[in-house]
Amino acid sequence: GAVVSQHPSWVICKSGTSVKIECRSLDFQATTMFWYRQFPKQSLMLMATSNEGSKATYEQGVEKDKFLINHASLTLSTLTVTSAHPEDSSFYICSVSDRGQWNTEAFFGQGTRLTVV
Amino acid sequence: DAKTTQPPSMDCAEGRAANLPCNHSTISGNEYVYWYRQIHSQGPQYIIHGLKNNETNEMASLIITEDRKSSTLILPHATLRDTAVYYCIVRFGSRYGNKLVFGAGTILRVKS
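Just so it is clear, the model here is predicted, and its values are computed rather than measured.

A.B. asks: Hey, could you go over the state of the cysteines for me, with residue numbers and the actual values?
C.D. replies: Following the criterion strictly, the structure yields 2 disulfides over all chains and no others. The disulfide that involves B:Cys22 links it to B:Cys88, with 2.1 Å between the sulfurs. Measuring handedness by torsion sign, the sulfur bridge of B:Cys22 and B:Cys88 sits at about -80° and is left-handed. With B:Cys22 in strand S2 (residues 18-23) and B:Cys88 in strand S8 (residues 84-91), this pair connects stretches of sequence that are 66 residues apart. With relative accessibility at 1%, the residue B:Cys22 sits in the buried group. For B:Cys88, a relative accessible area of 1% puts it in the buried group. You can see A:Cys13 has no disulfide; the closest cysteine sulfur is in A:Cys94, sitting 18 Å from it. Here B:Cys12 stays free of any disulfide, with the sulfur of B:Cys22 as its closest cysteine sulfur at 18 Å.

So this is what it looks like as structure tokens:
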């Protein structure tokens, strides 16, 4: 399967600062990338879908101005949490897929643990 | 909303087969059933997927009922390392893009 790398694996930041999380597809041209958030003891919640070269599509209730997603190339997508607050502390996970294909597997990164203090 | 229903938890003895059920009674004709698992604090790991025929790979077998309203994931010889949360997902078709929407999943505990 495809290798998906997220960086950093964990990050601690001060309240009010912004944090950027990178998701790289190392051996797969990811026309579509997904960003998820997972709180402790809960399931993954889809935040947004991004297609290479176009604006991301956000799920209902997810603030697009707070969670900035950039998908400028087929191998890199970034999620920036702007003006982070303690309630944004969570496990953020990216996934890569081939646009328009729902009969092939999606591959996930190892996740980024964000702690806002 | 997740389109699948799974039991919240199951136990299995090490070395025995683990059979994880999933109901997806509203599945559409072109929607696939996917199974992923997540070990604590890691990203989900792909296991298997299928449309209507039974599928088998090196990790597991997927049995889909003829009416496609339910399926069972079978881990033939469960080990302690198979302890994880298992997610059954119906992948939306082209109208919704190809996103994976996770439900609550089943916590599988493999015990020695």
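A.B. asks: Summarise the interface of chain A and chain B; cite the residues concerned and give the values.
C.D. replies: For an interface, size is often stated in terms of accessible area lost upon the parts coming together. At the junction of the two partners, chain A supplies 26 residues and chain B supplies 22 residues. Here chain A packs against chain B, burying approximately 1,700 Å² in sum over the two surfaces, 54% of which is carbon and sulfur. Between chain A and chain B we count 0 salt bridges in total. Here chain A is connected to chain B by 5 residue pairs in polar contact (both at pLDDT 80 or more). Contributing elements (two or more residues each) for the side of chain A that touches chain B: strand S4 (32-38), strand S5 (45-51) and strand S9 (90-97) of chain A. Here the side of chain A that touches chain B takes 4 residues from S4(A), the largest share from any one element. Tallied by class, the residues present in the side of chain A that touches chain B amount to 9 nonpolar, 12 polar and 5 charged.

A.B. asks: Provide a residue-level description of the nonpolar core, including the pertinent values.
C.D. replies: By size, the foremost hydrophobic cluster in this structure holds 25 residues, and its most contacted members are A:Cys23, A:Trp35, A:Phe67, A:Leu79, A:Tyr92, A:Val96 and A:Leu114. Judged by nonpolar contacts, the second largest core, of 21 residues, contains B:Ile27, B:Leu75, B:Ala78 and B:Val110.

A.B. asks: Break down the sheet that holds S2(B) for me, citing the residues and quoting the values.
C.D. replies: Strand pairing in a sheet takes place through backbone hydrogen bonds and is either antiparallel or parallel in direction. Residue and element names in this part refer to chain B. Spatial ordering of the open sheet is given by S2-S7-S6-S5, a layout of 4 strands whose pairing is antiparallel. In this open sheet, the two strands that pair with only one neighbour each are S2 and strand S5 (55-56). Relative to strand S7 (residues 70-75), strand S6 (residues 61-64) runs antiparallel, the two being bridged by 4 bridges. Considered in S7, the bridge of Ile64 is made with Ser71.

Thresholds applied
- Residues numbered from 1 in each chain as written.
- Chains lettered and ligands numbered in written order.
- Predicted model: local features only at pLDDT ≥ 70, side-chain atom pairs only at ≥ 80, totals over all residues.
- Heavy atoms only, no water.
- Disulfide = S-S within 2.5 Å.
- Helix = DSSP H or I, 4+ residues; strand = E, 2+ residues; numbered from the N terminus.
- Buried < 20%, exposed > 50% of the residue type's maximum accessible area, 1.4 Å probe, protein only.
- Contact = heavy atoms within 4.5 Å.
- Buried area = accessible area lost by both parts, 1.4 Å probe.
- Salt bridge = Lys/Arg side-chain N within 4 Å of Asp/Glu carboxyl O.
- Polar contact = N/O pair within 3.5 Å; in protein donor to acceptor, adjacent residues only side chain to side chain.
- Nonpolar A, V, L, I, M, F, W, Y, C, P; charged D, E, K, R; others polar.
- Core = buried A, V, L, I, M, F, W, Y, C linked by side-chain atoms within 4.5 Å.
- Pairing = 2+ DSSP bridges.

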